[in-house]
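What follows is each chain in one-letter form.
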Amino acid sequence: MKDLSRYQRQIILPEIGEEGQKRISESHVAIVGLGALGSVSANLLARAGVGKLRLIDRDFLDLNNLQRQVLFDEEDVRENLPKAVAAERKLSKINSEIKIEAIPADLNLETVDELLKEVQLVVDGTDNFETRFLINDFSLRGRIPWIYGGAVGTRGLAYVILPGEGPCLRCLFEEAPKPGEFETCDVTGILAPVSHWIASFQAMETIKILAGRKESADRRLWRIDLWKNEWKALEVSAFVKELCSGCKMRDYPYLTRERGSRTVTLCGRNAVQILQNLKGTINFQNLARKLSPSGAVKYNDYLLKASISPYEITVFPNGRAIIQGTQDEAEAKSVYAKYIGG
Ligand SMILES: [Zn+2]
């Protein structure tokens, strides 16, 4: 039998006990996104002894990540490591007794089945609603829990989704915010304690569920503002939408071409095109206001152009975008998520 003595401080808690720790040590969790949220929850869950951790992230490290992304240091940035790889290196030094897989890849409708295979729970560390709705549909279809989290500026949101036992993310938000109407850390900024708080909540609820104490999981939607010290927990159990196709009809549009975005590399142009299935159109005035601190922005009725070094981003009213400055589809999606949102 495995020696669990390193988890003694956890085991002496009656809420966990030996039985709970054994369950935690036998569980398999995926963390999608290893940034402000994911690096914190991965740190906590690796130390707590989650048996298998799968770390999925499409991004590379940047110096500005160190202000909040707790697993990384300047040497990782100098080495230009993918976040998933740098996280795996650090975590395996922290806990060599668990299995950690680094997957530096984009989670999308083509990769989701493979990348989330055999996982028991998914922790959201993403920065965009498209991936969250994909995880939501995957979770509803396979009946596996996932923990939503979001943090931007001084504010954060968090919520535990237990399929079949209360509203899913689509019940609560219905539609992803339109590109340009959704704040992102890259445009608005973020204070690290906010993402740490949200990620700690996510890790806590994960530990409860893995330990076999699902009944103790918090079923409320948390909304916090740490600048104003406002903490709100909204009762949402009654919000299972009669019309939520995921919860009621077992329909999962984000796992099909119906809702997922598509990317196409534009050969010879050092550019990637991103196609969105958007309802309605983007408000260029709002988007320009948000992007102007990051670079030069101009727009007319037909398109908006933003020069955010090293990229030139062209956005059309229906959400389609051309990201110039890369041929890498995952990188382009990442730029889109950071600056346009959605
Ligand atoms: Zn639902």
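Note that this is a predicted model, so its numbers are computed, not measured. (Residues numbered from 1 in each chain as written. Predicted model: local features only at pLDDT ≥ 70, side-chain atom pairs only at ≥ 80, totals over all residues.)

### A short note on the sheet that holds strand E6 (residues 155-161)
Thinking step 1. Read across the open sheet, the eight strands follow the order E3-E2-E1-E4-E5-E6-E7-E8; overall the sheet is mixed. What marks the edges here is a single partner per strand, and that holds for strand E3 (99-103) and strand E8 (230-234). Strand after strand, the sheet turns through a mean of 15 degrees between neighbouring axes, direction not considered.
Thinking step 2. When strand E7 (residues 221-225) meets E8, the two strands line up antiparallel, connected through five bridges. Residue Asp 225 lies in a different strand from E8, and its bridge partner there is Glu 230.
Thinking step 3. Along the sheet, helix H5 (residues 83-94) contacts strand E2 (52-56) and E3; its crossing angle with E3, the most-contacted strand, is approximately 165 degrees. (Pairing = 2+ DSSP bridges. Helix = DSSP H or I, 4+ residues; strand = E, 2+ residues; numbered from the N terminus. Axes fitted to C-alpha atoms, helices over the stretch in contact; angles between N-to-C directions. Contact = placed C-beta atoms within 7 Å.)

### Things to note about the environment of Leu 169
Thinking step 1. Here Leu 169 shows up in helix H8 (residues 169-173).
Thinking step 2. The class of Leu 169 is buried, set by 23 C-beta atoms lying within 10 Å.
Thinking step 3. Distance in space between the C-alpha atoms of Leu 169 and Trp 146 is 9.9 Å, their sequence separation being 23 residues.
Thinking step 4. Aside from chain neighbours lying at most four places away, what touches Leu 169 is Arg 132, Phe 133, Asn 136, Tyr 148 and Ile 161. (Buried ≥ 20, exposed ≤ 12 C-beta atoms within 10 Å, placed from the backbone.)

### Looking at helix H10 (residues 192-210)
Thinking step 1. The terminal C-alpha atoms of H10 lie 26 Å apart, and with 19 residues this matches the ideal 27 Å at 1.5 Å per residue to within 8%.
Thinking step 2. H10 sits mainly inside the fold: 14 of its 19 residues count as buried.
Thinking step 3. Gly 212, located one to two residues past H10, shows a positive phi value of around 85 degrees. (Expected span 1.5 Å × (residues − 1).)

### As for the sheet that holds strand E9 (residues 262-266)
Thinking step 1. Taken in spatial order, the six strands of this open sheet run E9-E10-E14-E13-E12-E11, and their pairing is antiparallel. The sheet is open, and its two borders are formed by E9 and strand E11 (296-299), each paired with just one other strand. Direction aside, neighbouring strands of the sheet carry axes that sit 15 degrees apart on average.
Thinking step 2. With five bridges joining them, strand E12 (residues 304-308) and strand E13 (residues 311-315) adopt antiparallel strand pairing.

### Regarding the domain arrangement of the chain
Thinking step 1. If you check the domain split of the chain, you get domain 1 (5-254) and domain 2 (261-339).
Thinking step 2. If you average the C-alpha positions of domain 1 and of domain 2, the two centres end up 27 Å apart.
Thinking step 3. Residue-level contacts link 14 residues of domain 1 with 19 residues of domain 2.
Thinking step 4. The residue makeup of the side of domain 1 that touches domain 2, split by class, is two nonpolar, three polar and nine charged. (Domains from an automatic or database assignment. Nonpolar A, V, L, I, M, F, W, Y, C, P; charged D, E, K, R; others polar.)

### A closer look at the nonpolar core
Thinking step 1. Among the nonpolar cores identified, the biggest contains 76 residues, and Ile 31, Ala 42 and Leu 55 are the most heavily contacted of them.
Thinking step 2. Discounting chain neighbours no more than four positions away, the residues touching Ile 31 are Gly 38, Ser 41, Ala 42, Leu 53, Leu 55, Ile 56, Val 123 and Gly 125.
Thinking step 3. Counting residues in each nonpolar core, the second largest holds 19 residues, with Phe 284, Leu 291, Leu 304 and Val 335 among its members. (Core = buried A, V, L, I, M, F, W, Y, C linked by C-beta atoms within 7 Å.)

### Structural notes on the pairing of strand E10 (residues 271-275)
Each regular strand shows side chains that alternate between the opposite faces of the sheet.
Thinking step 1. The two faces of E10 differ: Val 272 and Ile 274 on one face are buried, but Ala 271, Gln 273 and Leu 275 on the other face are not.
Thinking step 2. Pairing of E10 with strand E14 (residues 321-324), which is carried by four bridges, proceeds in the antiparallel orientation. By the bridge assignment for E14, Val 272 is matched with Ile 323.

### So, unusual backbone geometry
Thinking step 1. Cis rather than trans, the peptide bond between Ser 309 and Pro 310 has omega equal to 0 degrees.
Thinking step 2. Phi angles above zero are rare outside glycine, and Glu 118 is one such case at about 65 degrees.
Thinking step 3. With respect to the secondary-structure elements, Glu 118 resides in the loop between helix H6 (112-115) and strand E4 (121-124).
Thinking step 4. Phi is positive for Arg 143, close to 55 degrees, though the residue is something other than glycine.
Thinking step 5. Of note, Arg 143 is situated in the loop between helix H7 (129-142) and strand E5 (146-152).

### Considerations on the packing of helix H3 (residues 38-48) against H10
Thinking step 1. Running from N to C, H3 and H10 point in directions that differ by 35 degrees, and their axes come no closer than 8 Å. For the pair H3 and H10, the sense of crossing is right-handed. Residues Val 40, Ser 41, Leu 44, Leu 45 and Ala 48 of H3 form the contact with H10, whose own contacting residues are Ser 195, His 196, Ala 199, Ser 200, Gln 202, Ala 203, Thr 206 and Ile 207.
Thinking step 2. In terms of residue class, the contact of H3 with H10 is made up of seven nonpolar, six polar and no charged. (Left-handed = near helix turned anticlockwise from the far one by under 90°.)

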